[in-house]
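Structure assessment
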Amino acid sequence: MTAKEYLTRANNIDLEIDSLNISIQKCRERATKITSVFSDLPAQHNGDVSDKVGLNVAEMVDYATRALEMMKESEQLKVEITIQIHKMPNKLYAALLIDKYISNMTWQEVAEHINKEYDYTKGVLHDRALSNFAKIIQNILFSFTLLLQTMFYCVFLQSHGCNMGGKCGNRTEDKAAESHEGADAGRAGRPRGVIEGL
């Protein structure tokens, strides 16, 4: 994971929240449309209408619940990222990163806020800020990368019918048992009085 990827984690979650909000709005519109279309139908159709509206409401609740969970996750990430940014000795770089990745400003807004030219802010200053920030969080990035590698390795083992504490260990024990059984069988077949190894 790069410094930029670390910084954009919260923004990526915010994009997912936006998608969920769009889905919620579509469910609401669909439920309203169903109600208006079937409002003039005979009473015996009320059950069908209620079922369809109920399904849309249930779906909308699921989306809303997930959106709330992700909002909390996003806020926690932003706090974590902000704390790390404030560890930077260069306060200009820190302001640039907070404006861009926490406040979600455009590059034009960032440039105006730090009183620098647009191209210089987006190009030179941004690259320098990322480089400096990477030094601040290098231990975090290393730990996160190591965690991802470990997770990938576990998934690889499980996809091959093996896990670290179960089947792999059992297979090793089975092979060891087979080796002992083979050795015992070999010794049993030798004539008495023959010394092993001679």
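Topic: the overall build of the chain
Per the secondary structure count, the chain includes 8 helices and 0 strands. Reading the helices (α) and strands (β) of the chain from amino to carboxyl end gives α-α-α-α-α-α-α-α. Out of the 198 residues in the chain, the part that is buried amounts to 27%. Looking at the chain alone, contacts between residues at least 24 apart form 63% of all its contacts between residues at least 6 apart. Roughly 13,600 Å² of accessible area belongs to the chain as shown, and the carbon and sulfur atoms make up 57% of that amount.

Concerning the packing of helix α4 (residues 91-102) against helix α6 (residues 118-136)
Direction vectors running N to C along α4 and α6 enclose 105 degrees, while the axes themselves pass 9 Å from each other. With respect to each other, α4 and α6 are oriented roughly perpendicular. Here Leu92, Tyr93, Leu96, Leu97 and Tyr101 of α4 come into contact with α6, specifically with Thr121, Leu125, His126, Arg128, Ala129, Leu130, Asn132 and Phe133. Grouping the constituent residues of the contact of α4 with α6 by class yields 9 nonpolar, 3 polar and 1 charged.

Brief notes about unusual backbone geometry
Most peptide bonds take the trans configuration, and most residues that are not glycine carry a negative phi. In this structure, Asn104 takes a positive phi of about 60 degrees despite not being glycine. With respect to the helices and strands, the residue Asn104 is situated in the loop between α4 and α5 (107-113). Despite not being glycine, Asn115 shows a phi value in the positive range, around 60 degrees. By secondary structure assignment, the location of Asn115 is in the loop between α5 and α6. Here Asn115 falls in the exposed class, since its relative accessible area comes to 66%.

Some details on the side chain of Thr82
Here Thr82 lies in helix α3 (residues 46-85). Judged by its relative accessible area of 18%, Thr82 is buried. For Thr82, the contacting residues outside a window of four places in its chain are Ile98 and Ile102.

Considerations on the environment of Lys26
Note on placement: Lys26 falls in helix α2 (residues 9-37). The spatial distance from the C-alpha of Lys26 to the C-alpha of Met60 is 8.8 Å, given a sequence separation of 34 residues.

Regarding a nonpolar patch on the surface
Taken together, the side chains of Phe152, Tyr153 and Phe156 make up a nonpolar region of the molecular surface, amounting to roughly 370 Å² of accessible area. As for its placement among the helices and strands, Tyr153 is situated in helix α7 (residues 138-159).

Regarding the confidence of the model for the chain
Overall, the predicted model of the chain reaches an average pLDDT of 76, with 66% of residues at or above 70. Every residue in residues 179-198 scores below 50 in pLDDT, and together they form 2 contacts with partners more than four places removed in sequence or on other chains.

A closer look at the packing of aromatic side chains
Taken as a whole and assessed by the stated rule, the structure comprises 1 aromatic pair. Considering the side-chain rings of Tyr6 and Phe133, the 5.9 Å spacing of their centres and the 45 degrees angle between planes classify their relative orientation as tilted. Here Tyr6 is found in helix α1 (residues 3-7), whereas its partner Phe133 is found in helix α6, with 127 residues between them in sequence. Phe133 matches Tyr6 in its accessibility class, with the two residues each being buried.

Reading the values: rules and limits
- Residues numbered from 1 in each chain as written.
- Predicted model: local features only at pLDDT ≥ 70, side-chain atom pairs only at ≥ 80, totals over all residues.
- Heavy atoms only, no water.
- Helix = DSSP H or I, 4+ residues; strand = E, 2+ residues; numbered from the N terminus.
- Buried < 20%, exposed > 50% of the residue type's maximum accessible area, 1.4 Å probe, protein only.
- Contact = heavy atoms within 4.5 Å.
- Areas by Shrake-Rupley, 256 points an atom, 1.4 Å probe, with all protein chains shown as cover.
- Axes fitted to C-alpha atoms, helices over the stretch in contact; angles between N-to-C directions.
- Parallel < 35°, antiparallel > 145°, perpendicular 65-115°, else oblique.
- Nonpolar A, V, L, I, M, F, W, Y, C, P; charged D, E, K, R; others polar.
- Patch = residues over 30% accessible without salt bridge, like charges linked within 9 Å, V, L, I, M, F, W, Y side chains within 5 Å.
- Salt bridge = Lys/Arg side-chain N within 4 Å of Asp/Glu carboxyl O.
- pLDDT = per-residue confidence, 0-100.
- Phe/Tyr/Trp six-rings, centres within 6.5 Å; stacked < 30°, edge-to-face > 60°.

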